[in-house]
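A closer look at the structure
Listed here are the chains, written in short residue letters.
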Amino acid sequence: IKWDHEVLFQHHERLEQECKECKLKYQEALYSAQQKSNMQNMKLERKLDQVKIEGEKSSAVLSQILIKADVDLDSVDQSIVVDVVADKNNKVKMLNDELSRIKDAHATMRKRYSCLVAKHIEGNKSQR
């Protein structure tokens, strides 16, 4: 009986060690994914800021050129300006969509991680 107890005790210790290792691996994977996601979010936010700044600069330059050329703004072909603005708005929308896609993927990954950890913990509890 003592020998059986010792075997089961060692098996239990091995399982607890495996559980700790799995938790550590999951935490490292989650941390790594969070870092990557945060870095991608920062890059996208910077791109979005740059696009906004470029749009504002272009608009300011265009306004200055038209003012210096003494051009009546009502006589300027508005379709060109509208096309440029629409193009910039499309770029901003595309970056915002990509940012929200990455945020959704990050949230999904966190939920999956939580489920995996919960299943692993339940599995170890049922073996005891």
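Remember, predicted model here, so these are calculated numbers, not experimental data.

Criteria and thresholds
- Residues numbered from 1 in each chain as written.
- Predicted model: local features only at pLDDT ≥ 70, side-chain atom pairs only at ≥ 80, totals over all residues.
- Heavy atoms only, no water.
- Helix = DSSP H or I, 4+ residues; strand = E, 2+ residues; numbered from the N terminus.
- Contact = heavy atoms within 4.5 Å.
- Areas by Shrake-Rupley, 256 points an atom, 1.4 Å probe, with all protein chains shown as cover.
- Phe/Tyr/Trp six-rings, centres within 6.5 Å; stacked < 30°, edge-to-face > 60°.
- Buried < 20%, exposed > 50% of the residue type's maximum accessible area, 1.4 Å probe, protein only.
- Salt bridge = Lys/Arg side-chain N within 4 Å of Asp/Glu carboxyl O.
- Expected span 1.5 Å × (residues − 1).
- Lys, Arg positive; Asp, Glu negative; His and termini not counted.
- Disulfide = S-S within 2.5 Å.
- Core = buried A, V, L, I, M, F, W, Y, C linked by side-chain atoms within 4.5 Å.

Some remarks on the overall build of the protein
The helix and strand inventory of the protein stands at two helices and zero strands. Considering only intrachain contacts with a sequence separation of at least 6, the fraction spanning at least 24 residues in the protein is 93%. Surface exposure of the protein reaches about 10500 Å², of which carbon and sulfur atoms provide 56%.

A word on the packing of aromatic side chains
Throughout the structure, instances matching the rule amount to one aromatic pair. With 5.9 Å between their ring centres and 75° between their planes, Tyr26 and Tyr113 make a pair best called edge-to-face. In this pair, Tyr26 sits in helix H1 (residues 2-68) while Tyr113 sits in helix H2 (residues 78-127), placing the two residues 87 residues apart along the sequence.

Remarks on the environment of Met42
Mapping Met42 onto the fold places it in helix H1. The class of Met42 is partly exposed, set by a relative accessible area of 37%. In sequence terms Met42 and Leu99 are 57 residues apart; their C-alpha atoms lie 9.4 Å from each other.

With respect to the pattern of salt bridges
Following the criterion strictly, the structure yields one salt bridge and no others. Linking Asp97 and Lys93 is a salt bridge whose minimum nitrogen-to-oxygen distance equals 3.0 Å. With Asp97 and Lys93 both in helix H2 and four residues apart, the pair spans about one turn of that helix. A relative accessible area of 39% means that Asp97 is categorised as partly exposed.

Examining the side chain of Ser37
Along the chain, Ser37 falls in helix H1. Those residues in contact with Ser37, other than ones at most four positions away along the chain, are Ile102 and His106.

Overview of H1
Helix length check: H1, at 67 residues, gives a terminal C-alpha distance of 98 Å against a target of 99 Å (1.5 Å per residue), a fit within 8%. Those residues of H1 that sit buried are Leu15, Cys19, Leu30, Ser37, Asn41, Leu44, Leu48, Val51 and Leu66.

Section: the side chain of Lys88
Along the chain, Lys88 turns up in helix H2. No salt bridge is formed by the buried Lys88; the nearest opposite charge belongs to Glu54, separated by 4.0 Å. Ignoring anything within four residues of it in the chain, the contact list for Lys88 reads Val51 and Glu54.

Quick look at the state of the cysteines
Using the criterion set out here, one finds zero disulfides in the structure. The thiol of Cys19 is unpaired, and the distance to the nearest cysteine sulfur, on Cys22, comes to 7.0 Å.

Thoughts on the nonpolar core
Grouped together as the largest cluster of nonpolar side chains are seven residues: Leu44, Leu48, Val51, Val92, Leu95, Leu99 and Ile102. Broken down by secondary-structure element, the contributors of at least two residues to this core are H1 and H2. The dominant element in this core, judged by the number of residues it contributes, is H2, at four residues.

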